[in-house]
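Letter by letter, the chains look like this.
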Amino acid sequence: AQQYPYASLVRAGVHVSAGSDWPVTPHDPLEAIRVAVTRRTAEGTDDTWLPQECLDVEEALHAYTAEVAHQAFADDRRGRVRVGAIADLVLLDADPRHVEPMAISGITVRGTWLAGTRVA
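The present account deals with the structure reproduced in this document. Just so it is clear, the structure is predicted and the values come from calculations on it, not from any experiment.

### Brief notes about the environment of A69
- Among the secondary structure elements, A69 is positioned in helix 4 (residues 66-71).
- In this structure A69 comes out as buried when scored by relative accessible area, which is 6%.
- Distance in space between the C-alpha atoms of A69 and R80 is 8.7 Å, their sequence separation being eleven residues.
- Those residues in contact with A69 that lie beyond four places of it in its chain are A74, D75, R78 and G79.

Quick look at the structure:
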């Protein structure tokens, strides 16, 4: 009952950054965001593990972007899309905020930019 209390921490104002701890957590950020939002296996069983600890999609995206920048002491130039920020971006074929939560991991990455240069 005390493992991964993400929602409780976020709602208490704690900075929660997200990333992979492979093989414990998925290395694919979209899969990990789906898990943070649904707390369900990829098979989509009806059992949501500690449903009170589900993050909403905005909270999960924030943990994977702005909070990672905060953890790295780089939130003045990373983690948000704004003028003057370092442009590390991905282009997705769907908005994770507007798909069924179990479908988040099926979103396709259409492009990746590092420091403003397209790399994939």
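### Brief notes about the packing of helix 2 (residues 29-38) against helix 3 (residues 57-64)
- The interhelical angle for the contact between helix 2 and helix 3, taken along N-to-C directions, is 135°, at an axis separation of 9 Å. As the angle between them shows, helix 2 and helix 3 are arranged oblique. The interaxial crossing formed by helix 2 with helix 3 has right-handed handedness. Here P29, A32, I33, A36 and V37 of helix 2 lie close against helix 3, whose contacting residues are V57, A60, L61 and Y64.

### A look at the nonpolar core
- Ranked by size, the top nonpolar core spans ten residues in total: A7, L30, I33, A36, V37, L55, V57, A60, I104 and I107.
- Breaking this core down by element, the ones donating at least two residues are helix 2 and helix 3.
- If near-sequence neighbours (up to four positions away) are discounted, A36 is found in contact with E53, C54, L55 and A60.

### Comments concerning the environment of R118
- By secondary structure assignment, the location of R118 is in strand 3 (residues 117-118).
- Setting aside chain neighbours within four positions, we find R118 in contact with R110, G111, T112 and W113.
- Within the structure, R118 has its side chain in polar contact with the backbone oxygen of R110 (distance 2.7 Å).
- Side-chain polar atoms of R118 contact the backbone oxygen of A120, separated by 2.9 Å.

### A closer look at the layout of surface pockets
- Estimated volume of the largest pocket: approximately 1200 Å³.
- What lines the largest pocket is a set of 37 residues, among which Y64, T65, D88, L89 and V90 lie closest to the centre.
- Where the lining of the largest pocket is concerned, the elements lending two or more residues are helix 2, helix 3, helix 4, strand 1 (89-92) and strand 2 (109-114).
- Of the residues that constitute the lining of the largest pocket, the class distribution is 22 nonpolar, seven polar and eight charged.
- By volume, the second largest pocket amounts to about 510 Å³.
- Y4, Y6, T25, V35 and A36 are the residues nearest the centre of the second largest pocket, which is lined by 22 residues in total.
- Broken down by secondary-structure element, the contributors of at least two residues to the lining of the second largest pocket are helix 2 and helix 3.
- The residue inventory of the lining of the second largest pocket, partitioned by class, reads 14 nonpolar, four polar and four charged.

### Describing the pairing of strand 2
- Examined bridge by bridge, strand 1 and strand 2 share four bridges and lie antiparallel to one another. Pairing of V90 across the sheet is with T112, part of strand 2.
- Bridging between strand 2 and strand 3 involves two bridges; their strand directions are antiparallel. What sits directly across from L114, in strand 3, is T117.
- From the end of strand 2 to the start of strand 3, which pair antiparallel, there are two residues, and A115 there has a positive phi angle of about 50°.

About the thresholds
Residues numbered from 1 in each chain as written. Predicted model: local features only at pLDDT ≥ 70, side-chain atom pairs only at ≥ 80, totals over all residues. Heavy atoms only, no water. Helix = DSSP H or I, 4+ residues; strand = E, 2+ residues; numbered from the N terminus. Buried < 20%, exposed > 50% of the residue type's maximum accessible area, 1.4 Å probe, protein only. Contact = heavy atoms within 4.5 Å. Axes fitted to C-alpha atoms, helices over the stretch in contact; angles between N-to-C directions. Parallel < 35°, antiparallel > 145°, perpendicular 65-115°, else oblique. Left-handed = near helix turned anticlockwise from the far one by under 90°. Core = buried A, V, L, I, M, F, W, Y, C linked by side-chain atoms within 4.5 Å. Polar contact = N/O pair within 3.5 Å; in protein donor to acceptor, adjacent residues only side chain to side chain. 1 Å grid on protein atoms, 1.4 Å probe; cavity = no way out; pocket = protein on both sides within 12 Å on 5 of 7 lines; lining within 4 Å. Points joined across faces, edges and corners; volume = space filled by probe spheres on them. Nonpolar A, V, L, I, M, F, W, Y, C, P; charged D, E, K, R; others polar. Pairing = 2+ DSSP bridges.

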